[in-house]
Amino acid sequence: MTDTPSMTAAGAIFGKLKALGVEYVFANSGTDFPPIIEGLVEAHRAGIDLPKPITVPHEHAAVSMAHGYWQVTGRPQAVLLHTNVGLANGATAAINAWCDQVPMILMSGRTPVTEHTRFGARTVPIGWGQEMFDQEALIRETTKWHYELRFADQISEVMDRAWAIANSTPKGPVYLSLPREVLCEPCPTAGLDAPSRIAPVVTAPDADALACAAKALAGAENPIVIAQRGAGSVAGFAALQTLCETYALPLSHYWSNQLALPLSHPCQVGADPGPWLAKADVVLVLDALAPWFPDRVKLPDDVTVIHSGPDPLFTRTPVRNFEADITLAGPVDRVIDALTRALADQKTDQICLARRRDSIALAAQTSREAAVVTAQSGSGAPMTKDWVSLCLGKAIKVQAEQHGRRATVFHELGCPLMSLDLDQPNSYFQEPHSGGLGWGLPAAIGAQMACPDRLIFATMGDGSYMFANPTACHLVAEANDVPVVVLVLNNEEWGAVRHSVEGLYPEGAARASNEVPLTSLRPSPDFTRTADASRAWTETVSDGADLPDALNRAIEVATTKRRQVLLNIAIARTAPH
Ligand SMILES: Cc1ncc(C[n+]2csc(CCOP(=O)(O)OP(=O)(O)O)c2C)c(N)n1
Ligand SMILES: [Mg+2]
């Protein structure tokens, strides 16, 4: 290295992150941070363009904010945590990011290795207390790549590599451990202001596999598409509609955590693919970790199953044995595009397609009408989650029509998809299938920071709200002027846990008892006061009839006063489905 060192390594990391397109570093600091904080001020004074550091008083929230930010922008962000303890607090959110294939640069400090003499060496007892043989083990299974920085002059190249790997198909978090002594070293500036010299890998489906898939789909009599993680991009969302319309392909949103088709689309047949799978001759799985319920679904013997997506076999999931006759690897939007082209070469029977299109449209309409009827039957006091979804979907429609506002609903045991009536890409995100609860609220805040003018709703169960470290989240929302609208769907219990007991033991003792152990959240805290502590605008809504007006008031406050809002909504306890 011939460059003159000009900044501490920590400042260099921030500068490099900016060059990689990172706008925010969601951080939770500690005694490993002095060189980071010093370096940050130093770099700022030197006029270096830096990402904005955001103080997040819980690590689960910090990682989840980067998660939500990426979901609405496709731009990976960075997270900086305190040694092993901060990393451990962020590990559940890293599991979520891993499961959802969300790229981010996750970093945490490493307690000093040296005990004396060297600058940055251990000072107070936690230097010993936080030492581990293998700190990376905490997140190794949930990151694509991990490394401990050895020298300050590695920063630019190591970051280039980290960024490129995080952004390669399938995407995912990467981890960098930062020993305090290294952070205290001076760092040469070369390369710090340049974007990555390493291009991410984008995979594409194999040509032969594509031709087989196109032939199967073109000749199918009873096809079904199952989409769990959306259509890959805004362009993919539009292209998938055309594909489904052209080839009369019904699509089921089975346990979907993103929207793949508008819910009003005539090929969108609801959340249950069961009846379609029972008679299917071709199944197209679009990026679905668990595309059906193996214990309940018996596929016909002669079915052709096509799995597609960034990692169609989910190679890092130990057990997953859904049959796969054809696999198409690549980002979902690329798969849709490639399939569309390959299908153009195939002959189709237009009369059959027209007939099937009509019957799918009828099924789609029937399923949607049934969802509305179910939702309307839950408008009492307390109300159902479906009723909240129906009202929220209507409010969102009005905002789009009257003000041209776009909206995104985050759902974590909150507003179920089918009664929401959403029709836009990026309008809906459910918790990842890893289900590390506490994701919804901070992910929504991260999304709102990325898109200040979008209406962002964080809808979640009362249990999920508490898992989100709400005091930390409301502080971040207030500190950063984030007007997120929080809907707590409060049934005063962990309903999903009770449903799971009663589902497994339908005639069991727990179902017959008045109070199912280990599921009650009574007495319910007054969540409006939790949010009020950070000066949110709050209301409690007990009667379903009052909800539409309450939602309008909430939206009015969020959009005109740009203040965070929380509605504590009384939800009826229901029987398992
Ligand atoms: C971190 C974490 N801990 C525990 C669980 C297990 N769990 C799954 S659902 C659930 C209850 C969720 O309760 P709530 O958000 O109130 O929604 P409800 O089911 O009552 O509608 C729990 C505790 C989990 N998924 N993640
Ligand atoms: Mg609950």
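Before reading on, note that the structure itself is shown above.
This write-up is about the structure you can find in this document.

Cut-offs applied
- Residues numbered from 1 in each chain as written.
- Chains lettered and ligands numbered in written order.
- Predicted model: local features only at pLDDT ≥ 70, side-chain atom pairs only at ≥ 80, totals over all residues.
- Heavy atoms only, no water.
- Salt bridge = Lys/Arg side-chain N within 4 Å of Asp/Glu carboxyl O.
- Helix = DSSP H or I, 4+ residues; strand = E, 2+ residues; numbered from the N terminus.
- Buried < 20%, exposed > 50% of the residue type's maximum accessible area, 1.4 Å probe, protein only.
- Pairing = 2+ DSSP bridges.
- Axes fitted to C-alpha atoms, helices over the stretch in contact; angles between N-to-C directions.
- Contact = heavy atoms within 4.5 Å.
- Phe/Tyr/Trp six-rings, centres within 6.5 Å; stacked < 30°, edge-to-face > 60°.
- 1 Å grid on protein atoms, 1.4 Å probe; cavity = no way out; pocket = protein on both sides within 12 Å on 5 of 7 lines; lining within 4 Å.
- Points joined across faces, edges and corners; volume = space filled by probe spheres on them.
- Donors = N, O, S within 2.8 Å, 3.2 Å for Na, K, Ca; no water.
- Near = heavy atom within 4 Å.
- Polar contact = N/O pair within 3.5 Å; in protein donor to acceptor, adjacent residues only side chain to side chain.
- Areas by Shrake-Rupley, 256 points an atom, 1.4 Å probe, with all protein chains shown as cover.
- Core = buried A, V, L, I, M, F, W, Y, C linked by side-chain atoms within 4.5 Å.

**Comments concerning the pattern of salt bridges**
Right, on to step 1. Counting across every chain of the model gives 18 salt bridges.
Right, on to step 2. Close ionic contact of E148 with R110 constitutes a salt bridge, the shortest N to O distance being 2.9 Å. Of this pair, E148 sits in strand β6 (residues 146–148) while R110 is found in strand β5 (residues 104–110), placing the two residues 38 residues apart along the sequence.
Right, on to step 3. The exposure class of R110 is buried, given its relative accessible area of 9%.
Right, on to step 4. Here D421 and K397 are joined by a salt bridge, their closest N and O atoms 3.0 Å apart. Here D421, found in the loop between β14 (407–412) and β15 (428–430), pairs with K397, found in helix α13 (residues 385–403); they are 24 residues apart in sequence, far enough to count as distant.
Right, on to step 5. One connected set of salt bridges, linked through shared partners, spans E493, R498, E502, E515 and R573.

**Some points on the sheet that holds strand β2 (residues 24–27)**
Right, on to step 1. Taken in spatial order, the six strands make up an open sheet running β3-β2-β4-β5-β7-β6, and their pairing is parallel. Two strands close off the open sheet at either side, each with one partner strand: β3 (52–55) and β6. The sheet shows a mean angle of 20 degrees between the axes of neighbouring strands, direction not considered.
Right, on to step 2. Across seven bridges, β5 lies against strand β7 (residues 173–179) in parallel orientation. The residue bridging G109 from the neighbouring strand is L178, located in β7.
Right, on to step 3. Packed onto the sheet, helix α1 (residues 9–19) meets β2, β3, β4 (77–81), β5 and β7 and runs at close to 175 degrees relative to β5.
Right, on to step 4. Across the sheet, helix α6 (residues 155–166) is in contact with β5, β6 and β7; its angle to β7 comes to roughly 155 degrees.

**Let's talk about the packing of aromatic side chains**
Right, on to step 1. Using the criterion set out here, one finds eight aromatic pairs in the structure.
Right, on to step 2. Each ring, one from Y24 and one from Y69, has its centre 5.8 Å from the other, and the planes form 70 degrees; the classification is edge-to-face. A residue pair is termed long-range when its members are at least 10 positions apart, and Y24 in strand β2 and Y69 in helix α3 (residues 59–73) qualify at 45 residues. No difference in accessibility class separates Y24 from Y69, as the two residues are buried.
Right, on to step 3. Geometrically, the ring pair formed by Y465 and F527 is edge-to-face, given 5.1 Å between the ring centres and 80 degrees between the ring planes. On the criterion of sequence distance, the pair formed by Y465 in helix α15 (residues 462–467) and F527 in helix α19 (residues 527–532) is long-range, its members being 62 residues apart.

**Some words on the layout of surface pockets**
Right, on to step 1. What the second largest pocket holds in volume is close to 720 Å³.
Right, on to step 2. Looking at the second largest pocket, it is lined by 32 residues, and the ones nearest its centre are W70, K171, G232, S233 and Q258.
Right, on to step 3. Top element by residues in the lining of the second largest pocket is α3. It accounts for four residues.

**Examining the coordination of the magnesium ion (ligand 2)**
Right, on to step 1. Around the magnesium ion (ligand 2), the protein supplies D462 (OD), N491 (OD1) and E493 (O) as donor atoms, at distances of 2.0 to 2.1 Å.
Right, on to step 2. Between consecutive donors of the magnesium ion (ligand 2), the numbers of intervening residues give the motif D-x28-N-x1-E.

**Some details on the site of ligand 1**
Right, on to step 1. In the neighbourhood of ligand 1, 15 residues make up the surrounding shell, with K385, G463, S464, G495 and A496 lying closest.
Right, on to step 2. Within the side chain of S464, an N or O atom sits 2.7 Å from an oxygen atom of ligand 1.
Right, on to step 3. Note that an oxygen atom of ligand 1 is positioned 2.6 Å from one of the backbone N or O atoms of A496.
Right, on to step 4. Contact with the protein chains removes 76% of the 590 Å² of surface that ligand 1 exposes when unbound.
Right, on to step 5. Elements with a contribution of two residues or more to the shell around ligand 1: α15 and α17 (495–504).
Right, on to step 6. For the shell around ligand 1, the element with the highest residue contribution is α15, accounting for four residues.

**Topic: the nonpolar core**
Right, on to step 1. Among the nonpolar cores identified, the biggest contains 70 residues, and L240 and I569 are the most heavily contacted of them.
Right, on to step 2. Sequence-distant contacts of L240, defined by excluding residues within four places in its chain, comprise A231, L251, A260, L261, L286 and I336.
Right, on to step 3. Counting residues in each nonpolar core, the second largest holds 51 residues, with I54, I456, A468 and F527 among its members.

**Considering the pairing of strand β9 (residues 223–227)**
Right, on to step 1. Among the five residues that make up β9, five are buried, leaving the element largely enclosed by the rest of the structure.
Right, on to step 2. Covered by surrounding structure in β9 are P223, V225 and A227 together with I224 and I226, the residues of both alternating faces.
Right, on to step 3. Where β9 and strand β11 (residues 282–286) come together, five bridges link them in parallel fashion. From the neighbouring strand, I226 faces β11, where its bridge partner is V285.
Right, on to step 4. Relative to strand β10 (residues 251–252), β9 runs parallel, the two sharing two bridges. Residue pairing for β10: I226 is matched across the bridge by S252.

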